[in-house]
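A closer look at the structure
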Amino acid sequence: MNAGTPCASCAYEQGGRAVVLLDRNAEVLRMNPAAERSLGPDLRIVRKRLCSVDPEATAALDSALQALMNSDEPKPVTPPILLPRANRRPLIIHATQPPTVCKQARAPCRAVLLLTDPDKHYLPPEAALKSYFGLSTAEARLAQWLASGDSLEDAASHLAISKHTARVQLKAVFAKMKVHRQAELVALLGQLKDLLNLVAPA
């Protein structure tokens, strides 16, 4: 892919995140190696656009990108978009605007896709969630499932709790972690991983 957008790639690719850079037409400018490894029969590039094997998932991604590019918010992030995969958990995509430096440099990148593979995604230790954010055991376990990309309904099923209980716990998790959406929760837990790596004994 075009390597002419180094500012965005530098901002996101450090740390091994799977990243796709898109232009104003939602066409792929560049993918880093982690993102390229996500391609296969379930996720392909067709006419320069990222396409899921599921047409409805592709339509959801296109709709989210259109809303993102037309947004007046300073740093909007789309809700998680799930792309089905055969015999595996869905790939999770969050779309966001490129870093400010891209606009300053007049780079062609107009959207950034962050890909998360829940089969490989980092789950923060329960003890760290309780220590850093004051979550209860039940809240920490819910946060772990949500961080892996599960919907609230699926997380409730895994934890054998009612949807009502899960919603009450989610409200507490968001309040204690000072986030408002699942995308923000995943991003914050990624920062926690970096923090734990820094303070881990050598």
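Residues numbered from 1 in each chain as written. Predicted model: local features only at pLDDT ≥ 70, side-chain atom pairs only at ≥ 80, totals over all residues. Heavy atoms only, no water.

Details of the overall build of the protein chain
The helix and strand inventory of the protein chain stands at 9 helices and 7 strands. Taken over 202 residues, the protein chain has a buried fraction of 43%. Of all intrachain contacts in the protein chain linking residues separated by at least 6 positions in sequence, the fraction that spans at least 24 positions is 53%. Entry remark: accessible area of the protein chain is about 11100 Å², with carbon and sulfur atoms responsible for 54%. (Helix = DSSP H or I, 4+ residues; strand = E, 2+ residues; numbered from the N terminus. Buried < 20%, exposed > 50% of the residue type's maximum accessible area, 1.4 Å probe, protein only. Contact = heavy atoms within 4.5 Å. Areas by Shrake-Rupley, 256 points an atom, 1.4 Å probe, with all protein chains shown as cover.)

Things to note about the sheet that holds strand β2 (residues 28-31)
Spatially, β2-β1-β7-β6-β5 is the arrangement adopted by the 5 strands of the open sheet, whose pairing is antiparallel. Edge positions in the sheet fall to β2 and β5 (81-85), since each has one partner strand and no second. Going across the sheet, the axis of each strand differs from the next one's by a mean of 25 degrees, ignoring polarity. With 5 bridges connecting them, strand β6 (residues 88-96) and strand β7 (residues 111-116) associate as antiparallel partners. When the sheet's bridge partners are listed, Thr96 is paired in β7 with Val112. Along the sheet, helix α3 (residues 55-69) makes contact with β1 (18-22), β5, β6 and β7, crossing β5 at roughly 155 degrees. (Pairing = 2+ DSSP bridges. Axes fitted to C-alpha atoms, helices over the stretch in contact; angles between N-to-C directions.)

Here we look at helix α7 (residues 152-159)
Residues of α7 that are buried: Leu152, Ala155 and Ala156. Around the axis of α7, the buried residues are gathered within 100 degrees of arc, so they sit on the same side. Looking at the packing, one finds that the buried side of α7 touches α6 (137-147) and α8 (163-177). Of the residues trailing α7, Ala160 is marked for its positive phi of about 60 degrees. (Arc of directions from axis to C-beta.)

Side note on the pattern of salt bridges
In this structure the tally under the stated criterion is 6 salt bridges. Here Arg49 makes a salt bridge to Asp62, at a shortest N to O gap of 3.3 Å. Here Arg49 is found in strand β4 (residues 49-52), whereas its partner Asp62 is found in helix α3, with 13 residues between them in sequence. In this structure Asp62 comes out as partly exposed when scored by relative accessible area, which is 28%. Across the pair Lys176 and Glu139 runs a salt bridge, and its minimum N-O distance is 2.8 Å. You can see Lys176 sitting in helix α8 and its partner Glu139 sitting in helix α6, a full 37 residues away along the chain. For Lys176, a relative accessible area of 33% gives the class partly exposed. A network of salt bridges, in which partner residues are shared, links Arg85, Arg88 and Asp117. (Salt bridge = Lys/Arg side-chain N within 4 Å of Asp/Glu carboxyl O.)

So, the confidence of the model for the protein chain
Mean pLDDT over the protein chain stands at 79; residues scoring 70 or higher make up 75%. Across residues 1-15 the pLDDT falls below 50, and counting only partners more than four positions away or on other chains, this stretch makes 36 contacts in the model. Residue range residues 198-202 is modelled with pLDDT below 50. Its contacts to residues more than four positions away, or to other chains, number 1 contact. (pLDDT = per-residue confidence, 0-100.)

Structural notes on the environment of Leu39
Assignment of secondary structure puts Leu39 in the loop between α2 (33-36) and β3 (43-46). The exposure class of Leu39 is partly exposed, given its relative accessible area of 30%. Placed 13 residues apart in sequence, Leu39 and Ser52 show a C-alpha to C-alpha distance of 9.6 Å. Those residues in contact with Leu39 that lie beyond four places of it in its chain are Met31, Arg44, Ile45 and Leu50.

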